[in-house]
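What the coordinates show
Residue strings, one per chain:
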Amino acid sequence: AFRRLVTLSALLLLFSTASRVLTQKARHSITCLPQMKRRRSTRLMMSQANGKKKDSTPAHDLGTRRKGKAEKKQKKKKAPEIGENDPWYRKFVPVHDTAYANYMEEEWGYPVMDDTKLFEMLILEGAQAGLSWAMILKKREGYRNAFHNFDIPKVASMTQSDIDRLCQDPSIVRNKLKIRATVKNAKSALQVIEEHGSLSAYLWSFVNNEPIVGEWRSFSELPNVTAEAEAMSKALKKKGFSFVGPTICYAFMQACGMVVDHPVDTPQHHKVVAWLRDNRDKLPRQQKR
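In this convention, every chain numbers its residues from 1, walking through the sequence in written order. Thresholds applied to this predicted model are a pLDDT of at least 70 for local features of residues and 80 or more for the giving and counting of side-chain atom pairs; totals over whole chains, interfaces and linings are not thresholded and use all residues. For side-chain calculations, the full set of non-hydrogen atoms in the structure is used, while hydrogens and water are omitted.

**A look at helix 9 (residues 176-196)**
Rules: Numbered from the N terminus, helices here are DSSP runs of H or I no shorter than four residues, and strands are runs of E no shorter than two. Expected span, for any helix, means 1.5 Å times one less than how many residues it has. Each residue is assigned to one of three classes by its accessible area relative to the maximum for its type, calculated with a 1.4 Å probe on protein chains only: buried under 20%, partly exposed between the two thresholds, exposed over 50%. Note on definitions: a residue-residue contact is assigned when non-hydrogen atoms from the two residues lie within 4.5 Å. Any pair of N or O atoms that falls within 3.5 Å is considered a polar contact. Within protein, one atom must be able to donate a hydrogen and the other to accept it, and sequence-neighbouring residues count only if both atoms are side-chain atoms.
Between its first and last C-alpha atoms helix 9 spans 30 Å; for 21 residues at 1.5 Å apiece the expected length is 30 Å, and the two agree. Taken residue by residue, helix 9 has Lys178, Ile179, Ala181, Thr182, Val183, Asn185, Ala186, Ser188, Ala189 and Val192 as its buried positions. Summarising the contacts, the buried residues of helix 9 are in contact with helix 4 (115-127), helix 7 (152-156), helix 8 (160-166) and helix 10 (199-204). If you check the start of helix 9, you find a side-chain oxygen 2.9 Å away from the backbone N of Leu177, and it comes from Asn175. Positive phi appears at Gly197, one or two residues downstream of helix 9, with a value of about 90 degrees.

In structure tokens, the structure reads:
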């Protein structure tokens, strides 16, 4: 009788344990079932949606769409057409950008001897790095306001708080390295002025104080850099200037009339050459390097 009682107790204990385990598994299955259903239904809906999207587009429409994208790429690469009466710089100056056109007609290629103006152009050309000149022209007034009209001593005295403030100024290119370089370049320019008498005398010495008049026939012949620009870049870097690579220096020389790169036989070339002939007394005097 005792053995039977022990066996019965063991069976009851085993049954209660098994029922408890089964109950917990059942609860877990019931809890997870809606989530599993939702996940399965979500995947099903997504696959159906993707299927409908693919099925709803005819093959000829896909071909048309691909063709359209290819045509857009070709249009972007295609150079703008130039009419007989268009200026040579129409290849990179849009018709609607009158400010850029006026700059090319009235400023680009004309000699600049004023220290403040030269410093301004050097900074703006450096700010253009990685960007377009059209953008910099639109922000030129913002730069003048931000940097005291490019007064070299005032820019040189700007502090870190000024740099941090200008990094939030949308009227200029908000690049901390370029903003810091502007202040640094002003300090270097003061050193050049102290050593050479003026920034103009130093910069013009790289072209022997005379504009180099190019003989290029078309825009495609214009160089990106010359030996004079490389020499200027190397010397300016030694003086502590930043953002003055050879390409930037050559663009600066073109802008400030140290080189005249309007293609020959264009009205712009003839106008600059005529200005040089009539204003020889305004050009820097011959000085030894």
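**Considerations on helix 13 (residues 267-278)**
Given 3.6 residues per turn, any residue in an α-helix points the same way as the ones three and four places further on. Under the convention used in this document: Starting at the helix axis, one direction is taken to each C-beta atom, and the arc is that of these directions.
The end-to-end C-alpha distance of helix 13, which contains 12 residues, comes to 17 Å, matching closely the 16 Å that a straight helix rising 1.5 Å per residue would cover. Listed in full, the buried residues belonging to helix 13 are Gln268, His269, Val272 and Leu276. Buried residues of helix 13, viewed axially, fall in a sector of 100 degrees; they line one side. In helix 13, the exposed positions angled more than 90 degrees off the buried face are occupied by Pro267, Arg277 and Asp278. Buried positions along helix 13 lie against helix 3 (98-106), strand 1 (212-213) and strand 2 (259-260).

**Quick look at the nonpolar core**
Here is the rule we go by: Here, nonpolar core refers to any group of buried Ala, Val, Leu, Ile, Met, Phe, Trp, Tyr and Cys residues whose side-chain atoms link them within 4.5 Å.
If you look at the biggest cluster of nonpolar residues, it comprises 59 residues, and the most contacted ones within it are Phe147 and Phe252. At seven residues, the largest contribution of residues to this core is made by helix 4. Residues contacting Phe147, with those up to four places away along its chain left out, are Val155, Met158, Leu166, Ile172, Ile179 and Thr182. Ranked by size, the runner-up nonpolar core spans five residues in total, among them Val260, Val272, Leu276 and Leu283.

**Some points on unusual backbone geometry**
Residue His148 is not a glycine yet carries a positive backbone phi of 55 degrees. By the element assignment, His148 lies in the loop between helix 6 (140-146) and helix 7. With a phi angle near 65 degrees, Asn209 is a residue other than glycine that sits in the positive phi range. Note that Asn209 resides in the loop between helix 10 and strand 1.

**Thoughts on the packing of aromatic side chains**
What counts here: Only centres within 6.5 Å qualify two rings of Phe, Tyr or Trp (six-membered ring in Trp) as a pair; their planes then separate them into stacked at under 30 degrees, edge-to-face at over 60, and tilted for everything else.
Going through the model one piece at a time under the given rule, you end up with 12 aromatic pairs. Their ring planes at 50 degrees and their centres at 5.6 Å tell us that Tyr103 and Trp133 sit as a pair that is tilted. Of this pair, Tyr103 sits in helix 3 while Trp133 is found in helix 5 (residues 133-138), placing the two residues 30 residues apart along the sequence. Relative accessible area serves as the criterion here: at 6%, Trp133 is assigned to the buried category. Members of the aromatic cluster, joined through ring pairs, are Trp88, Tyr89, Phe92, Tyr100, Trp108 and Phe219.

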